[in-house]
Amino acid sequence: MSPETDTQYLLRRRPPQEKLVDVGFRNLAVVLASMVAIVLLSILVVVFWGGLESMGRYGWKFLVTSNWNPVDDEYGAGAAIYGTLVTSLLSLLIAVPLGVGTAIFITENIIPRYIRNVIGVMVELLAAIPSVVLGLWAIFVMEPFIRPLLELLYTLFSWLPFFSTPPMGPGTLPAVLILVVMILPIITAIARDSLNQVPMKLRQAAYGVGTTRWGAIMNVMLPAAVSGIVGGVMLALGRAMGETMAVTMIIGNSNNFSVSLLAPGNTIASMLANQFGEADGSQVSSLMYAAFVLIIMTLAVNIFAQWIVKRLSLKY
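Residues numbered from 1 in each chain as written. Predicted model: local features only at pLDDT ≥ 70, side-chain atom pairs only at ≥ 80, totals over all residues. Heavy atoms only, no water.

### As for the overall build of the protein
No. 1: Scanning the protein from terminus to terminus reveals 12 helices and zero strands.
No. 2: Here the C-alpha atoms of the protein give a radius of gyration of 25 Å, more than 25% beyond the 20 Å that 2.2 N^0.38 yields for 316 residues.
No. 3: Counting only C-alpha atoms and orienting by the principal axes, one finds that the protein spans roughly 75 × 55 × 35 Å.
No. 4: The buried share among the 316 residues of the protein stands at 41%.
No. 5: Within the protein, contacts between residues separated by at least 24 positions form 73% of all contacts whose residues are at least 6 apart in sequence.
No. 6: The positive charge centre, built from 18 side chains, and the negative charge centre, built from 16, are 17 Å apart in the protein. (Helix = DSSP H or I, 4+ residues; strand = E, 2+ residues; numbered from the N terminus. Rg over C-alpha atoms; globule rule 2.2 N^0.38 Å. Buried < 20%, exposed > 50% of the residue type's maximum accessible area, 1.4 Å probe, protein only. Contact = heavy atoms within 4.5 Å. Lys, Arg positive; Asp, Glu negative; His and termini not counted. Charge placed at Lys NZ, Arg CZ, Asp CG, Glu CD.)

Structure (structure tokens):
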């Protein structure tokens, strides 16, 4: 539609019914959008108010200590914060190459289209599996399967702090692997959609100047789709930081701080799921404090993701 046509459309005499529908739709959109902000702010206020007692009592020490003792009324979420960051970042480190690689594999004409469609559907179905089912699979299938590998890591690299404890079943590294399974479909689906939206003329132009298939992928396709891929990666990071059930079932739920990936650990979400139902008194306030820390961490991740996506969109 040309600018002249747009001007004529805006200046035409509109019937009252059309104006009423437009105003109603605009007001409805404003109300619904405002409700999202109101719900988010109300959650922040409720959690902040609930943890205010512990914030005043423990201060910043709550974030770096790991003594969680309801008997002595002493609490610290250092181990849970460390576990949340370690499991999320390590799972992302593993899942990003796998997810982006899978997206490239199912968008490029490497294998027949029907096989690519089947693989794409299987990846999407993986995201539909409930987390409690994945947790059971991790306990009864994944952990026994990888236990010889964990024991080998301890035998060969026990002199490193990250593998300094013998594997005893549930631990931080099995939790990392189950998180990889959970966030892999998110990264793959968003990366695939981002690659499919890259204009075909860019690929053809790359072939026209004599580049190879992988040259076009690495130098043209991925840079053009990088903003969408990064957005998907940050979304997966937020999911990993807030995942509860599957991680709770396999991480060991230990509040003792240990840098070893083979030792039992804890996350903020797991700690809330395990203890909130039976908590009372100042323990409730401490759990609210931990929940507020988790909310701030996830909000920071989303704000950082928006900033990165905006910067990369301007660049490419």
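### Let's talk about the pattern of salt bridges
No. 1: On inspection of all chains with the given rule, the structure shows three salt bridges.
No. 2: The partner of R147 in a salt bridge is E143, with the nearest N and O atoms 2.5 Å apart. Residue R147 and its partner E143 are both found in helix α6 (residues 131-157); the two are separated by four residues, about one turn of the helix.
No. 3: Taking relative accessible area as the criterion, R147 reaches 35% and is therefore assigned partly exposed.
No. 4: For E243, the salt bridge identified is with R239, shortest N-O distance 3.2 Å.
No. 5: When its relative accessible area of 8% is taken as the criterion, E243 is described as buried. (Salt bridge = Lys/Arg side-chain N within 4 Å of Asp/Glu carboxyl O.)

### Thoughts on a nonpolar patch on the surface
No. 1: A cluster of nonpolar side chains, I129, V132, V133, L136, W137, I139, F140, V141 and M245, forms an exposed patch at the surface whose accessible area comes to about 750 Å².
No. 2: Looking at which element gives the most residues to the nonpolar patch, the answer is α6, with seven residues. (Patch = residues over 30% accessible without salt bridge, like charges linked within 9 Å, V, L, I, M, F, W, Y side chains within 5 Å. Areas by Shrake-Rupley, 256 points an atom, 1.4 Å probe, with all protein chains shown as cover.)

### Quick word on the nonpolar core
Burial of nonpolar side chains together is a common tendency in soluble globular proteins.
No. 1: Residues F62, I187 and I268 are the most contacted members of the largest nonpolar core, which totals 74 residues.
No. 2: Considering each element in turn, this core owes the most residues, 14 residues, to helix α12 (residues 282-315).
No. 3: Beyond its immediate stretch of four places on either side in the chain, I187 contacts L92, A95, V96, G99, V100, G232, V233 and A236. (Core = buried A, V, L, I, M, F, W, Y, C linked by side-chain atoms within 4.5 Å.)

### A short note on the packing of aromatic side chains
No. 1: Scanning the model with the defined rule gives nine aromatic pairs in all.
No. 2: Through pairs of rings, three or more aromatic residues link up here, namely Y58, F62, W68, Y75 and Y289. (Phe/Tyr/Trp six-rings, centres within 6.5 Å; stacked < 30°, edge-to-face > 60°.)

### Focus on the environment of G78
No. 1: Note that G78 resides in helix α4 (residues 78-107).
No. 2: Look past the residues within four positions of G78 in its chain and what remains in contact with it is F62, L63, V64, T65 and S66.

### Points about the packing of helix α8 (residues 200-208) against helix α9 (residues 213-242)
No. 1: One way to put it is that α8 packs onto α9 with a least axis distance of 10 Å and a crossing angle of 140°. In terms of crossing hand, the pair formed by α8 and α9 is right-handed. Contact with α8, carried on its side by L202, R203, A206 and Y207, involves R213, A216, V220, M221 and A224 of α9 and no other residues of that element.
No. 2: Here the residues of the contact of α8 with α9 sort into seven nonpolar, no polar and two charged. (Axes fitted to C-alpha atoms, helices over the stretch in contact; angles between N-to-C directions. Left-handed = near helix turned anticlockwise from the far one by under 90°. Nonpolar A, V, L, I, M, F, W, Y, C, P; charged D, E, K, R; others polar.)

### Thoughts on the side chain of R192
No. 1: Relative to the helices and strands, R192 is located in helix α7 (residues 172-196).
No. 2: When residues no more than four places from it in sequence are discounted, the contact partners of R192 are A103, I106, T107, G120 and E124.

### Re the confidence of the model for the protein
A low pLDDT means the predicted coordinates there should not be read in detail.
No. 1: Predicted confidence across the protein gives a mean pLDDT of 83, with 94% of residues reaching 70 or more.
No. 2: Across the protein, the element-wise mean pLDDT spans from 54 in helix α1 (residues 3-11) up to 90 in α4. (pLDDT = per-residue confidence, 0-100.)

### Structural notes on unusual backbone geometry
No. 1: Despite not being glycine, N253 has its phi angle at roughly 55°, a positive value.
No. 2: When you line up the elements, N253 lands in the loop between α10 (245-250) and α11 (268-275).

### Side note on the environment of N274
No. 1: Relative to the helices and strands, N274 resides in helix α11.
No. 2: In this structure N274 comes out as partly exposed when scored by relative accessible area, which is 39%.
No. 3: N274 sits 29 residues away from M245 along the chain, and the two C-alpha atoms are 9.8 Å apart.
No. 4: Here the side chain of N274 touches N253 through a polar contact of 2.9 Å, side chain to side chain. (Polar contact = N/O pair within 3.5 Å; in protein donor to acceptor, adjacent residues only side chain to side chain.)

### Topic: the side chain of S54
No. 1: As for its placement among the helices and strands, S54 is situated in helix α3 (residues 52-58).
No. 2: Among the residues examined, S54 registers a relative accessible area of 1% and is labelled buried.
No. 3: Once residues within four sequence positions are removed from consideration, S54 is found in contact with G59, S282, S285, S286 and Y289.

### Some points on the environment of L202
No. 1: Relative to the helices and strands, L202 is located in helix α8.
No. 2: Taking C-alpha positions, L202 is 9.0 Å from A224, a pair spaced 22 residues apart along the chain.

### Quick word on the packing of α7 against α9
No. 1: Where α7 contacts α9, the two axes come as close as 8 Å, and the packing angle between them is 150°. It follows that α7 is roughly antiparallel to α9 by the angle criterion. The hand of the α7/α9 crossing is right-handed. When α7 is examined against α9, the residues L179, M182, I183, I186, I187, I190, A191, S194 and L195 are found in contact with a partner set consisting of M221, L222, A225, G228, I229, G232, V233, L235, A236, R239 and A240.
No. 2: Broken down by class, the residue content of the contact of α7 with α9 amounts to 16 nonpolar, three polar and one charged. (Parallel < 35°, antiparallel > 145°, perpendicular 65-115°, else oblique.)

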